[in-house]
Amino acid sequence: MKFDKIHNKGQAQLFKNQYLEYLTKTHPLVIWGMYVPVISFLIYYSGAHIGLNTWQIVISFFGGMFFWTLFEYIMHRFAFHFITHNERTRKIVYVMHGNHHEYPRDKERLFMPPVPSIILASIIFTAMFFIAKTWNGSQYVYSFFPGFMLGYLMYGTMHYAIHAWNPPYKWMKPLWRNHHLHHYKNEEQGFGVSTTMWDRVFGTMFDLSKEKEDKEKVKDLMFK
């Protein structure tokens, strides 16, 4: 995704239809409000109806959170930055993620909006269930999936925070810089948002010791 200019103001128009355009925007609290009840119910269901014990729920839940970090990296690197010469596919990639690179400070599109989010979450849950069923482990999906979804919520919140604020703790600064460099220097590196772990594993991490930081420019990139 190469753009003549990265716009730090405004937002892309994705659809001519105003109602479709409205459905492409959301606020983080809306998504949290959608999924926290689902996460809570599935954890309860895991114990009360599926019969998993506390340790089974805890281990599969945190396993889901860990799996999210890898899923996030793979999707960001290979789906959201998919290179194609097909015009229709390019438009799809732009709607999914390209508009965020052209308008990185559009805070209404830092989370996937509700309708496509629900559809994708349903597909992922179904896929997890049937994959696990082939290994006689479908019962664990009811606690694994909530962990996966909490990972997504934390990712989205972290993404919003990276674009909106300075890092609250010094140890989080590499995460902030890695993502800013992904946007403003080289989009073929720095795919991790909630963690830099997979960038380090797969060799796509920026060498931050060699990257000079313009503090005034970073300050200017924050939401105001």
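Before any of the text, the structure's been laid out above.
Overview of the structure.

Cut-offs used in this document
- Residues numbered from 1 in each chain as written.
- Predicted model: local features only at pLDDT ≥ 70, side-chain atom pairs only at ≥ 80, totals over all residues.
- Heavy atoms only, no water.
- Helix = DSSP H or I, 4+ residues; strand = E, 2+ residues; numbered from the N terminus.
- Rg over C-alpha atoms; globule rule 2.2 N^0.38 Å.
- Buried < 20%, exposed > 50% of the residue type's maximum accessible area, 1.4 Å probe, protein only.
- Contact = heavy atoms within 4.5 Å.
- Areas by Shrake-Rupley, 256 points an atom, 1.4 Å probe, with all protein chains shown as cover.
- Lys, Arg positive; Asp, Glu negative; His and termini not counted.
- Charge placed at Lys NZ, Arg CZ, Asp CG, Glu CD.
- Phe/Tyr/Trp six-rings, centres within 6.5 Å; stacked < 30°, edge-to-face > 60°.
- Salt bridge = Lys/Arg side-chain N within 4 Å of Asp/Glu carboxyl O.
- Core = buried A, V, L, I, M, F, W, Y, C linked by side-chain atoms within 4.5 Å.
- Axes fitted to C-alpha atoms, helices over the stretch in contact; angles between N-to-C directions.
- Left-handed = near helix turned anticlockwise from the far one by under 90°.
- Nonpolar A, V, L, I, M, F, W, Y, C, P; charged D, E, K, R; others polar.
- Expected span 1.5 Å × (residues − 1).
- Arc of directions from axis to C-beta.

**Brief notes about the overall build of the chain**
Scanning the chain from terminus to terminus reveals 9 helices and 0 strands. Its helices and strands taken in sequence order, the chain reads α-α-α-α-α-α-α-α-α from the N to the C terminus. The C-alpha atoms of the chain give 19 Å as radius of gyration, which agrees with the globular expectation for 224 residues (17 Å, within 12%). Per-residue burial for the chain yields a buried fraction of 42% across its 224 residues. Taking as baseline every contact in the chain between residues at least 6 positions apart, the subset at least 24 positions apart corresponds to 72%. For the chain, the exposed surface amounts to about 13600 Å²; the carbon and sulfur share of it is 63%. Put simply, the chain has 24 plus and 16 minus side-chain charges, and the middle of one group is 2 Å from the middle of the other.

**Regarding the packing of aromatic side chains**
On inspection of all chains with the given rule, the structure shows 24 aromatic pairs. Aromatic pair Phe 41 and Tyr 45: ring centres 5.7 Å apart, planes at 35°, arrangement tilted. Of this pair, Phe 41 and Tyr 45 are both found in helix α2 (residues 28-50), 4 residues apart, which corresponds to roughly one turn of the helix. Consider the rings of Phe 67 and Phe 148, whose centres lie 5.9 Å apart with planes at 35°: the pair is tilted. With a gap of 81 residues between them, Phe 67 in helix α3 (residues 54-79) and Phe 148 in helix α6 (residues 141-164) connect regions that are remote in the sequence. Overall, the relative accessible area of 1% leaves Phe 148 in the buried class.

**So, the pattern of salt bridges**
Applying the stated criterion across every chain, the model contains 4 salt bridges. Between Glu 21 and Arg 109 there is a salt bridge, with its nearest N and O atoms 2.9 Å apart. Of this pair, Glu 21 sits in helix α1 (residues 18-22) while Arg 109 sits in the loop between α4 (87-102) and α5 (114-133), placing them 88 residues apart in sequence. Each member of the pair Glu 21 and Arg 109 is classed as buried.

**A few points about the nonpolar core**
Of all hydrophobic cores here, the largest spans 28 residues; its most connected members are Phe 145, Phe 148, Met 149, Tyr 152, Leu 153 and Trp 176. No other element matches α6, which puts 11 residues into this core. When neighbours within four sequence positions are excluded, Phe 145 is seen to be in contact with Leu 42, Ala 121, Ile 124, Phe 125 and Met 128.

**Considerations on the side chain of Thr 26**
The residue Thr 26 is located in the loop between α1 and α2 in this model. A relative accessible area of 11% places Thr 26 in the buried class.

**As for the packing of α2 against α5**
Their axes nearest at 11 Å, the elements α2 and α5 cross at an angle of 35°. Crossing of α2 over α5 shows right-handed handedness. Where α2 abuts α5, its residues Val 30, Ile 31, Met 34 and Tyr 35 lie against Pro 114, Ser 117, Ile 118 and Ala 121. Split into classes, the residues belonging to the contact of α2 with α5 amount to 7 nonpolar, 1 polar and no charged.

**Thoughts on helix α7 (residues 173-184)**
Taking 1.5 Å of rise per residue, the 12 residues of α7 would be expected to cover 16 Å, and the 16 Å separating its terminal C-alpha atoms lies within 8% of that figure. Most of α7 sits inside the fold, with 9 of its 12 residues counted as buried. Within α7 the residues assigned to the buried category are Leu 175, Trp 176, Arg 177, Asn 178, His 179, His 180, Leu 181, His 182 and His 183.

**Digging into α5**
Here α5 is 20 residues long and its end C-alpha atoms lie 28 Å apart, about the 28 Å a rise of 1.5 Å per residue gives. For α5, the set of buried residues is Ser 117, Ala 121, Ile 124, Met 128, Phe 129 and Ala 132. Along α5, the residues classed as buried sweep out an arc of 135° about the axis, all on the same side.

**Regarding unusual backbone geometry**
Even without a glycine there, the phi angle at Asn 136 is positive, about 55°. Tracing the backbone through its elements, the reader meets Asn 136 in the loop between α5 and α6.

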